[in-house]
Amino acid sequence: MYTAISVLVFIICLLLILIVLVQNSKGGGLASSFASSNQIMGVRKTTDFLEKATWTLAGAMMVLCVLAVFFIPRGEQSSQSAIESQINSQPVQQTIPSFPGVGGESAPAEQPAAEVPAE
């Protein structure tokens, strides 16, 4: 279902792009080619149709986008996030590295870590 909604959103986006490109903000565009012939669909009706089609497609796209949220495929959800599982799987460092002291004195290579009592 999510795939079908995504395809519909894609098609609506393409139609919306085409309709917006056909329109001209100064009243020209597709409507200007019908200026000489004022038959069944005159200039006014063409611009009304393009405006209504734009609003209809924009509304349909918003509704489908909100609807797509409810159909997003959700796999098995674990109680832990991926980052938490990586943190928990890291080995615990048992030794603390030592750094040379100030003034040229050197400390032992590694000191054992102080043990923290388990709760």
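Residues numbered from 1 in each chain as written. Predicted model: local features only at pLDDT ≥ 70, side-chain atom pairs only at ≥ 80, totals over all residues. Heavy atoms only, no water.

Undergrad: Explain the overall build of the protein chain to me, using residue names and the numbers behind them.
TA: What the protein chain contains, in helices and strands, is four helices and two strands. Across the protein chain, helices and strands are ordered from the amino to the carboxyl terminus as α-α-α-α-β-β. Counting all 119 residues of the protein chain, 13% fall into the buried class. Total accessible area computed for the protein chain in this model is approximately 10,100 Å², and 65% of it derives from carbon and sulfur atoms. (Helix = DSSP H or I, 4+ residues; strand = E, 2+ residues; numbered from the N terminus. Buried < 20%, exposed > 50% of the residue type's maximum accessible area, 1.4 Å probe, protein only. Areas by Shrake-Rupley, 256 points an atom, 1.4 Å probe, with all protein chains shown as cover.)

Undergrad: With reference to specific residues and values, describe a nonpolar patch on the surface.
TA: A cluster of nonpolar residues, M1, Y2, V66, L67, V69, F70, F71 and I72, forms a patch on the protein surface that exposes about 770 Å² of accessible area. Broken down by element, the nonpolar patch gets its largest block of residues, four residues, from helix α3 (residues 43–70). Take I72: it is sitting in the loop between α3 and α4 (82–89). (Patch = residues over 30% accessible without salt bridge, like charges linked within 9 Å, V, L, I, M, F, W, Y side chains within 5 Å. Salt bridge = Lys/Arg side-chain N within 4 Å of Asp/Glu carboxyl O.)

Undergrad: Tell me about helix α1 (residues 2–22), residues and numbers included.
TA: Taking 1.5 Å of rise per residue, the 21 residues of α1 would be expected to cover 30 Å, and the 30 Å separating its terminal C-alpha atoms lies within 8% of that figure. Within the span of α1, buried status applies to I5, V9, I12, L16 and I19. In an axial view of α1, the angular spread of the buried residues amounts to 95°, which keeps them on one side of the axis. Residues of α1 that are exposed and point more than 90 degrees away from the buried face comprise T3, F10, L18 and L21. (Expected span 1.5 Å × (residues − 1). Arc of directions from axis to C-beta.)

Undergrad: Please give an account of the UniProt feature "transmembrane region" (unreviewed entry) in the protein chain that cites residues and values.
TA: Mapped onto the present numbering, the UniProt feature "transmembrane region" (unreviewed entry) falls on residues 55–72. A distance of 26 Å separates the end C-alpha atoms of residues 55–72, which is 89% helix and 0% strand. (UniProt positions renumbered as here; feature names shortened; annotations may be inferred.)

Undergrad: Give me the lowdown on the confidence of the model for the protein chain, citing residues and values where you can.
TA: Per-chain confidence: the protein chain averages 75 in pLDDT, with 63% of residues scoring 70 or above. Summarising per-element confidence for the protein chain, the mean pLDDT is lowest in helix α2 (residues 30–33) (55) and highest in α1 (92). (pLDDT = per-residue confidence, 0-100.)

Undergrad: I'd like a description of the environment of L57, backed by residues and values.
TA: Along the chain, L57 turns up in helix α3. With 45 residues separating them in the primary sequence, L57 and I12 have C-alpha atoms 6.3 Å apart. The residues contacting L57, other than those within four sequence positions of it, are I12, L15, L16 and I19. (Contact = heavy atoms within 4.5 Å.)

Undergrad: Could you give me a rundown of the environment of T54, with the residues and numbers involved?
TA: Turning to its location among the elements, T54 is positioned in helix α3. Sequence separation between T54 and L16 is 38 residues; the distance between their C-alpha atoms is 6.3 Å. Beyond its immediate chain neighbours, meaning those up to four positions away, T54 contacts L16, I19, V20 and Q23.

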